[in-house]
Amino acid sequence: METGPDFKLLKDAYAIIDGIPETSIDLDMLESVRGESLENGTIRSPAGWLADHPAFAALGLSISDDGKRLLLNGEAGENSSIALTMAQIFRLPPADAQHLFGDRNTYTLGDDSGLSDKRLWQRDLRDYLKAHGQLDPDFEDRLETRGPFADPVNPSEIRAL
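Everything quoted here is computed from the prediction, not taken from an experiment. (Residues numbered from 1 in each chain as written. Predicted model: local features only at pLDDT ≥ 70, side-chain atom pairs only at ≥ 80, totals over all residues. Heavy atoms only, no water.)

Peer 1: Whenever I open this one, the overall build of the chain confuses me. Can you help?
Peer 2: Helix and strand content of the chain: 8 helices and 4 strands. Traced from its N-terminal end to its C-terminal end, the chain shows the element sequence α-β-β-α-α-β-β-α-α-α-α-α. Residues classed as buried in the chain amount to 39% of the 161 residues present. A sequence separation of at least 24 residues applies to 53% of the contacts in the chain between residues at least 6 apart. Summed over its atoms, the accessible surface of the chain is roughly 9300 Å², and 51% of this surface lies on carbon and sulfur atoms. (Helix = DSSP H or I, 4+ residues; strand = E, 2+ residues; numbered from the N terminus. Buried < 20%, exposed > 50% of the residue type's maximum accessible area, 1.4 Å probe, protein only. Contact = heavy atoms within 4.5 Å. Areas by Shrake-Rupley, 256 points an atom, 1.4 Å probe, with all protein chains shown as cover.)

Peer 1: Looking at this structure, how should I read the packing of aromatic side chains?
Peer 2: Any aromatic ring pair is given by two values, namely how distant the centres are and how the planes are angled relative to each other. Within this structure, the stated rule accounts for 4 aromatic pairs. Ring centres 5.5 Å apart and planes at 10° place the aromatic pair phenylalanine 90 and phenylalanine 101 in the stacked group. On the criterion of sequence distance, the pair formed by phenylalanine 90 in helix α4 (residues 82-90) and phenylalanine 101 in helix α5 (residues 94-101) is long-range, its members being 11 residues apart. Given a relative accessible area of 0%, phenylalanine 90 falls into the buried group. Classification of phenylalanine 101 as buried rests on a relative accessible area of 7%. Between phenylalanine 101 and tryptophan 121, the aromatic rings sit 6.0 Å apart at their centres with planes inclined by 55°, giving tilted as the arrangement. On the criterion of sequence distance, the pair formed by phenylalanine 101 in helix α5 and tryptophan 121 in helix α7 (residues 117-131) is long-range, its members being 20 residues apart. The same class applies to phenylalanine 101 and to tryptophan 121, which are both buried. (Phe/Tyr/Trp six-rings, centres within 6.5 Å; stacked < 30°, edge-to-face > 60°.)

Peer 1: Help me understand the packing of helix α1 (residues 7-18) against α7, please; the structure alone is not making it clear to me.
Peer 2: A pair of packed helices is captured by two measures, namely the crossing angle of their axes and the spacing between those axes. The contact between α1 and α7 brings their axes to 11 Å, and the two run at 160°. Judged by the inter-axis angle, α1 sits roughly antiparallel to α7. Of the two elements, α1 crosses α7, and the hand of that crossing is left-handed. Residue-level contacts link Phe7, Leu10, Lys11, Ala13, Tyr14, Ile17 and Asp18 of α1 to Lys118, Arg119, Trp121, Gln122, Leu125, Tyr128 and Leu129 of α7. Its residues assigned to classes, the contact of α1 with α7 comprises 9 nonpolar, 1 polar and 4 charged. (Axes fitted to C-alpha atoms, helices over the stretch in contact; angles between N-to-C directions. Parallel < 35°, antiparallel > 145°, perpendicular 65-115°, else oblique. Left-handed = near helix turned anticlockwise from the far one by under 90°. Nonpolar A, V, L, I, M, F, W, Y, C, P; charged D, E, K, R; others polar.)

Peer 1: Could you clarify how one ought to interpret α1 in this entry?
Peer 2: Helical geometry: 3.6 residues make up each α-helical turn, so side chains three or four residues apart lie on a common side. Helix length check: α1 (12 residues) gives 16 Å between terminal C-alpha atoms against 16 Å at 1.5 Å per residue, within 8%. With 9 of 12 residues buried, α1 lies mostly within the body of the structure. (Expected span 1.5 Å × (residues − 1).)

Peer 1: Explain the nonpolar core to me, please; I cannot follow it from the model alone.
Peer 2: Proteins that are soluble and globular tend to have nonpolar side chains buried together. Leu10, Leu50, Phe56, Met86, Phe90, Leu92 and Phe101 are the most contacted members of the largest nonpolar core, which has 36 residues in total. If you list the elements that add at least two residues to this core, you get α1, α2 (46-51), β3 (61-63), β4 (70-72), α4, α5 and α7. Here this core gets 7 residues from one element, more than from any other, and that element is α1. When near neighbours in sequence (up to four residues on either side) are disregarded, leucine 10 contacts Pro5, Phe90, Leu92, Leu125, Tyr128 and Leu129. (Core = buried A, V, L, I, M, F, W, Y, C linked by side-chain atoms within 4.5 Å.)

In short, geometric facts, not functional conclusions.
Here it is in structure tokens:
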């Protein structure tokens, strides 16, 4: 049985989250808004978006119907947090999982970069991969392909107050 983090799966997670608009990621809640689809208002944490992806659903990851709990194989373990569930999926030490999948307070302590939640998460995952010698040049070339701030709002989607 393999031990240690599943770096390939972490890189897959990075790629999946990279495809989600910045305004649809919120580190504070697993699912803060449930719209009809990604394009229609759904806002989730990285763990929430991963739970909705077929590759992670195949690993048993899902979100409860109320959007408040992360499930593994249909169950939310006793005293199980999002970070501990993600630790199981990625074979991460609990402290590393808390850092990568904790709420925004984990990220903002001393952070004055102005990065969006998405970019904060990606930066931390990239730093984690780099610290473990997992940033090969091919993967690194694909990182940070967009600006550090949220994508511009589509004017047709702006609603009058």
